[in-house]
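Geometric and topological summary
Next come the chains, spelled out residue by residue.
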Amino acid sequence: MFIQKIDAGSGVQFTQVRILGKILTALFFALPVSAQTGPEASPTPTPGFNHAIPESILTADTVETSLGTLEFLDGFPTEATTDALYWNLLRSRATEVFLDFIPAASVEALREGMAGQGADDSHRCLLFDRLMTSDSLFLTGNTDTVYAICFLDLERDGPTVIEIPPESGPGTVNDAFFRFVVDTGPPGPDRGKGGRYLILPPGYEGKVPDGYFAVQSPTYVNWVPLRAFLKDGKPDAAAEMWRTGLKIYPLSQKKSPPKMEFIEATGLEFNTIHANDVKFFDEINRVIQKEPVDFINAEMRGRLASLGLQKGKPFKPDDEMKALLNDGVAIGNATVRALSFAPRSDTIFLYGEKSQWFTAFDGGDYRWLIDDGVGGRNQDSRSRFFYIATVNTPAMVLKKVGVGSQYALIARDSTGAYLNGSDRYSLTLPANIPAKNFWSFVVYDPQTRSMLQTSQPYPSKNNERNKDLVKNPDGSVTLLFGPTPPEGDTSNWIETRTGKGWFGVLRLYGPLESWFDHSWQPGEIVKQGDAPTTAQASPGS
């Protein structure tokens, strides 16, 4: 067909083109539909519609799911299906709230447990002057440092001063959601020389006086765990340093601060671990009622509100809601146990798939941010950490050679089986353990995530406290584990309990370069035969 060339100056030629276009359009619509759209189009309408509707946007009358068969009437859910879906929605929310709010519940359980022992004001602190034993239930507490542990209430007291004495060990201030506020001691701004810290409440806009390391907390309640190192293997000097040098008081009372009171906590039997049943939500409710509304974001507040938890309103779940909450917590508790003791993360294992050692800070960020926040927050990693541990500080995760502390956890033997208190095991730590200050290995109970309770009040070994540790000829140290003592020297033996599992934490205080570059690596925990294993060497430290 000939189409005359268009000439912009010729109205006749434009008219010819318009007439030709109308002819072609008429011919096109006279063709069959298949010729217009091609062979892939379906002319058959979906039943109940004028046209073919994509199946991906429709809902069948019966849908098979893990909840069972869900039934709909042309997209309308039946009453039975509606009941099942609402139950599942709220139960899922309860599980999600449990996983998300473990940090807040843990701080509240610490506050409540410590207050029950008399540490109910900022100038009243627990002092583990003879170290912490397995009698006290603390999430992976250690037997190696002298703890002075206190709580602040910035709503009651306003800006609060913490005077840290020189030569203290690493300390931290964490808020009511276990978020990092500031470090003290060697990893803090005082760099081990001591100093005065001023913790400001949320929303504070007053004058900040000179002479303080001043920081603002997002919450009113703040936990202050302080640590000091042993001297000559003994806690006496460190305990005395806290008694004479630690001061905590409201800034408003700086001219006449209250006298410090230290509760001797070694050997006290009390609990600081959050609940794993419906009481968990009572713990969270106390936090919500106490803290500013915006200490958590709107999405998290919305999930709480869907379960009846909202600031300024009473939390009174009925029996049906309590059953739902219990179910949600049970699933959440089971889930975080899988995360903690059977992790499937690609980044959690310290030395690859063949090793059982894993890190507490999966992803290498104390905020649990993925790629500095580009990938959001690793919520599974955060839930895992606070289910088995406390204290949140960059000093426990960042590379700070010779400063702070590093941790490695292990819950399985070299074959991949869970550690069993009925069996005997050995663990060899190669020579030149990379710790400037000292190293330790502590055994914990998987139920309480606290120290394993046996006839040994200190279920651990520490090269500073245990001067009788036996070294192998090559300088390595082999630790022994079992329910009964090995034959021969028992210096390297940590008792386990028949019928109970256990897991361990290796701590390095003042970690050295060979820890960070992995040129030094701990051995795996190896299950032994029926015959007891003994270390073969002469005593050393």
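In case you missed it, the structure is sitting above this.
Per the stated rule, a full pass over the model turns up 26 salt bridges. Here Arg367 makes a salt bridge to Asp372, at a shortest N to O gap of 2.8 Å. One salt-bridge network, held together by shared partners, links Asp120, Asp121, Arg124, Arg156, Asp157 and Glu261.

What follows deals with the sheet that holds strand β7 (residues 171–175). If you walk across this open sheet you meet the six strands as β8-β7-β11-β5-β4-β13, and the pairing is mixed. Two strands in the sheet have a free side with no partner beyond their single neighbour: β8 (180–184) and β13 (261–264). Averaged over all pairs of adjacent strands, the angle between their axes in this sheet comes to 20 degrees, without regard to strand direction. Here strand β4 (residues 124–127) runs beside strand β5 (residues 146–153); their pairing, made up of two bridges, is antiparallel. Its bridge partner being in β5, Leu126 is matched across the sheet by Ile149. Those strands touched by helix α6 (residues 236–245) are β4, β5, β11 (221–228) and β13, and its axis lies near 140 degrees from that of β11.

Attention now goes to a negative patch on the surface. On the surface, Glu79, Asp83, Asp318, Asp319 and Glu320 cluster together into a patch of negative charge. If you list the elements that add at least two residues to the negative patch, you get α3 (79–100) and α9 (319–341). Summarising the element assignment, Asp319 is placed in helix α9.

Backbone-to-backbone hydrogen bonds join strands into a sheet, with any given pair of strands oriented parallel or antiparallel. The sheet built from three strands is open, its strands ordered β1-β2-β3 with antiparallel pairing. Strands at the two margins of the open sheet, each flanked by one partner only, are β1 (62–65) and β3 (76–77). Taken together, the four bridges between β1 and strand β2 (residues 68–73) define a ladder with antiparallel strand orientation. Residue pairing across strands places Val63 opposite Leu70, the latter belonging to β2.

Soluble globular proteins: nonpolar side chains tend toward being buried together. Residues Phe101, Leu126, Phe128, Phe280 and Phe281 are the most contacted members of the largest nonpolar core, which totals 70 residues. By residue number, the principal contributor to this core is α9, which donates seven residues. For Phe128, the residues in contact, after removing those within four places along its chain, are Ser136, Phe138, Val146, Tyr147, Ile149, Ala265, Thr266 and Phe270. In terms of nonpolar packing, the next biggest core, distinct from the first, is built from 27 residues, Val146, Ile164, Trp242 and Ile248 among them.

In this section: the packing of α3 against helix α8 (residues 298–305). In contact at an axis separation of 9 Å, α3 and α8 are set at 130 degrees when each is read in the N-to-C sense. Classed by the angle they form, the pair α3 and α8 counts as oblique. Relative to α8, α3 is oriented so that their crossing is left-handed. Each of Arg93, Glu96, Val97 and Asp100 in α3 lies in contact with α8, whose residues at this interface are Met300, Arg303 and Leu304. The residue makeup of the contact of α3 with α8, split by class, is three nonpolar, no polar and four charged.

Per the counting criterion, the structure on display carries 25 aromatic pairs. Summarising the aromatic geometry, the rings of Tyr425 and Trp502 are spaced 5.9 Å apart at their centres and angled 75 degrees between planes, so their arrangement reads as edge-to-face. Here the residue Tyr425 occupies a position in strand β15 (residues 425–429), and Trp502 occupies one in the loop between β19 (493–495) and β20 (503–511), the gap between them amounting to 77 residues. Residue classification places Trp502 among the buried residues on the basis of a relative accessible area of 3%. Sitting over the ring of Tyr418, Arg412 keeps its end group 4.0 Å from the ring centre. Sitting over the ring of Tyr387, Arg449 keeps its end group 3.7 Å from the ring centre.

Reading guide: rules and limits
Residues numbered from 1 in each chain as written. Predicted model: local features only at pLDDT ≥ 70, side-chain atom pairs only at ≥ 80, totals over all residues. Heavy atoms only, no water. Salt bridge = Lys/Arg side-chain N within 4 Å of Asp/Glu carboxyl O. Pairing = 2+ DSSP bridges. Helix = DSSP H or I, 4+ residues; strand = E, 2+ residues; numbered from the N terminus. Axes fitted to C-alpha atoms, helices over the stretch in contact; angles between N-to-C directions. Contact = heavy atoms within 4.5 Å. Patch = residues over 30% accessible without salt bridge, like charges linked within 9 Å, V, L, I, M, F, W, Y side chains within 5 Å. Areas by Shrake-Rupley, 256 points an atom, 1.4 Å probe, with all protein chains shown as cover. Lys, Arg positive; Asp, Glu negative; His and termini not counted. Charge placed at Lys NZ, Arg CZ, Asp CG, Glu CD. Core = buried A, V, L, I, M, F, W, Y, C linked by side-chain atoms within 4.5 Å. Buried < 20%, exposed > 50% of the residue type's maximum accessible area, 1.4 Å probe, protein only. Parallel < 35°, antiparallel > 145°, perpendicular 65-115°, else oblique. Left-handed = near helix turned anticlockwise from the far one by under 90°. Nonpolar A, V, L, I, M, F, W, Y, C, P; charged D, E, K, R; others polar. Phe/Tyr/Trp six-rings, centres within 6.5 Å; stacked < 30°, edge-to-face > 60°. Lys NZ or Arg CZ within 6 Å of the ring centre and 35° of its normal.

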